[in-house]
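As a plain string of letters, each chain reads:
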Amino acid sequence: GDSVTQMEGPVTLSEEAFLTINCTYTATGYPSLFWYVQYPGEGLQLLLKATKADDKGSNKGFEATYRKETTSFHLEKGSVQVSDSAVYFCALSVLNTDKLIFGTGTRLQVFP
Amino acid sequence: NAGVTQTPKFRVLKTGQSMTLLCAQDMNHEYMYWYRQDPGMGLRLIHYSVGEGTTAKGEVPDGYNVSRLKKQNFLLGLESAAPSQTSVYFCASSYSMSGGPRDTQYFGPGTRLTVL
């Protein structure tokens, strides 16, 4: 069945470090791919998305590229800030399923 | 434009009590969802709706019921609460969910429920 696998956390970084959070997926058909972010005490909010192969989603300095050949959608940021500390969820939607499939989330902790 | 709102924000119940969580959205979305979030388990889908008057089971529907009498509202009911239902509950809505670019789900702020 359709699924999303994320790297386990927590990921602990110093401010201005480079961030990568790995996400791979299994899906029938051609899914749309999403990264959501959950700040402490809040609901999830969309960070970025990509809807077809080789698309790059970007927002707030974060980027992810839809790689069909490796079934991946890794999240990257060149220089993290303390304010980026949150839980990040990778997700996919597939035609005719009516649902988003979420990964288990990766907690990022950034220290000054 | 308030987006997705949830009431209440916090609630404490005793085992066996019942309650209803209300989710409201003002974006004219067709699709609405209820999730629960537990430590180390990510988000799990409880029930969802693809339009007014429709509901469907998700991954963990047991012990919950839902209703979608109006397009903008999606109610989650616990008939007889159990300690295993202690969790944070999130509602979400989306314009579509068809594998395409409009499948973004918008989330409410959550309801923290404790069952003693």
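See the structure above.
The rules we used
- Residues numbered from 1 in each chain as written.
- Chains lettered and ligands numbered in written order.
- Predicted model: local features only at pLDDT ≥ 70, side-chain atom pairs only at ≥ 80, totals over all residues.
- Heavy atoms only, no water.
- Helix = DSSP H or I, 4+ residues; strand = E, 2+ residues; numbered from the N terminus.
- Rg over C-alpha atoms; globule rule 2.2 N^0.38 Å.
- Buried < 20%, exposed > 50% of the residue type's maximum accessible area, 1.4 Å probe, protein only.
- Contact = heavy atoms within 4.5 Å.
- Areas by Shrake-Rupley, 256 points an atom, 1.4 Å probe, with all protein chains shown as cover.
- Buried area = accessible area lost by both parts, 1.4 Å probe.
- Salt bridge = Lys/Arg side-chain N within 4 Å of Asp/Glu carboxyl O.
- Polar contact = N/O pair within 3.5 Å; in protein donor to acceptor, adjacent residues only side chain to side chain.
- Nonpolar A, V, L, I, M, F, W, Y, C, P; charged D, E, K, R; others polar.
- Pairing = 2+ DSSP bridges.
- Axes fitted to C-alpha atoms, helices over the stretch in contact; angles between N-to-C directions.

Looking only at helices and strands, chain A has zero helices and 12 strands in total. Secondary structure of chain A in N-to-C order comes out as β-β-β-β-β-β-β-β-β-β-β-β. In terms of C-alpha radius of gyration, chain A reaches 13 Å, essentially the compact-globule figure of 13 Å for 112 residues. In terms of overall dimensions, chain A has a C-alpha envelope of 45 × 30 × 20 Å along the principal axes. The proportion of buried residues among the 112 residues of chain A is 44%. For chain A, the share of sequence-separated contacts (at least 6 apart) that also reach a separation of at least 24 residues comes to 56%. Of the accessible surface of chain A, which amounts to about 5400 Å², a share of 48% is contributed by carbon and sulfur atoms.

A common way to state how big an interface is: give the accessible area lost once the parts meet. Between chain B and chain A, the contact holds 21 residues from the first and 23 residues from the second. Buried area between chain B and chain A, summed over both chains or domains, comes out near 1600 Å², and the portion from carbon and sulfur atoms is 56%. Counting across the chain B and chain A interface gives zero salt bridges. Scanning the region where chain B abuts chain A turns up five residue pairs in polar contact (both at pLDDT 80 or more). At the level of secondary structure, the elements contributing two or more residues to the side of chain B that touches chain A comprise strand 4 (31-37) and strand 5 (43-49) of chain B. The leading source of residues in the side of chain B that touches chain A is strand 4 of chain B, at four residues. Class assignment for the residues of the side of chain B that touches chain A results in 12 nonpolar, eight polar and one charged.

Following G9(A), the chain continues to P10(A) via a peptide bond in cis, the omega torsion being 0 degrees. Relative to the helices and strands, P10(A) resides in the loop between strand 1 (3-6) and strand 2 (11-14). The amide bond that connects T7(B) to the next residue, P8(B), takes the cis arrangement and shows omega of -5 degrees. Residue placement: P8(B) occurs in the loop between strand 1 (4-7) and strand 2 (10-13). One non-glycine residue, D54(A), lies in positive phi territory at about 75 degrees. When you line up the elements, D54(A) lands in the loop between strand 6 (44-50) and strand 7 (56-59). Unusually for a residue other than glycine, T71(A) sits at a positive phi of about 40 degrees. Within the element layout of this structure, T71(A) appears in the loop between strand 8 (62-65) and strand 9 (75-77). The class for T71(A) is partly exposed, based on a relative accessible area of 31%.

Residue and element names in this part refer to chain A. In spatial order, the strands read 3-9-8-7; together these four strands make up an open sheet with antiparallel pairing. At either margin of the open sheet sits one strand with a lone partner, and together these are strand 3 (19-21) and strand 7. Between one strand and the next, the sheet's axes are offset by a mean angle of 15 degrees, whatever the strand orientation. In the sheet, strand 8 pairs with strand 9 via three bridges, with the strands oriented antiparallel. Along strand 9, the bridge assignment pairs A64 with L75.

Time to look at the pattern of salt bridges. Evaluation of the coordinates by the stated rule reveals six salt bridges over all chains. Residues K56(A) and E63(A) are paired through a salt bridge, measuring 3.6 Å at the closest nitrogen-oxygen approach. Ionic pairing is found between K71(B) and E30(B), a salt bridge with its closest N-O pair at 2.9 Å. One end of the pair, K71(B), is in the loop between strand 7 (65-67) and strand 8 (73-78); the other, E30(B), is in the loop between strand 3 (19-25) and strand 4, and 41 residues separate them in sequence. The exposure class assigned to K71(B) is buried, which follows from its relative accessible area of 19%. Taken together, the shared-partner salt bridges in this structure form one network comprising R36(B), D38(B) and R44(B).

A word on the pairing of strand 12 (residues 106-111) of chain A. All names here are of chain A. With burial as the criterion, only one face of strand 12 is covered, namely that bearing T106, L108 and V110; the residues R107, Q109 and F111 on the opposite face remain uncovered. The pairing of strand 2 with strand 12 spans four bridges and is classified as parallel. What sits directly across from L13, in strand 12, is V110. Where strand 10 (residues 86-93) and strand 12 come together, three bridges link them in antiparallel fashion. In the sheet register, V87 faces strand 12, and the bridge partner there is R107.

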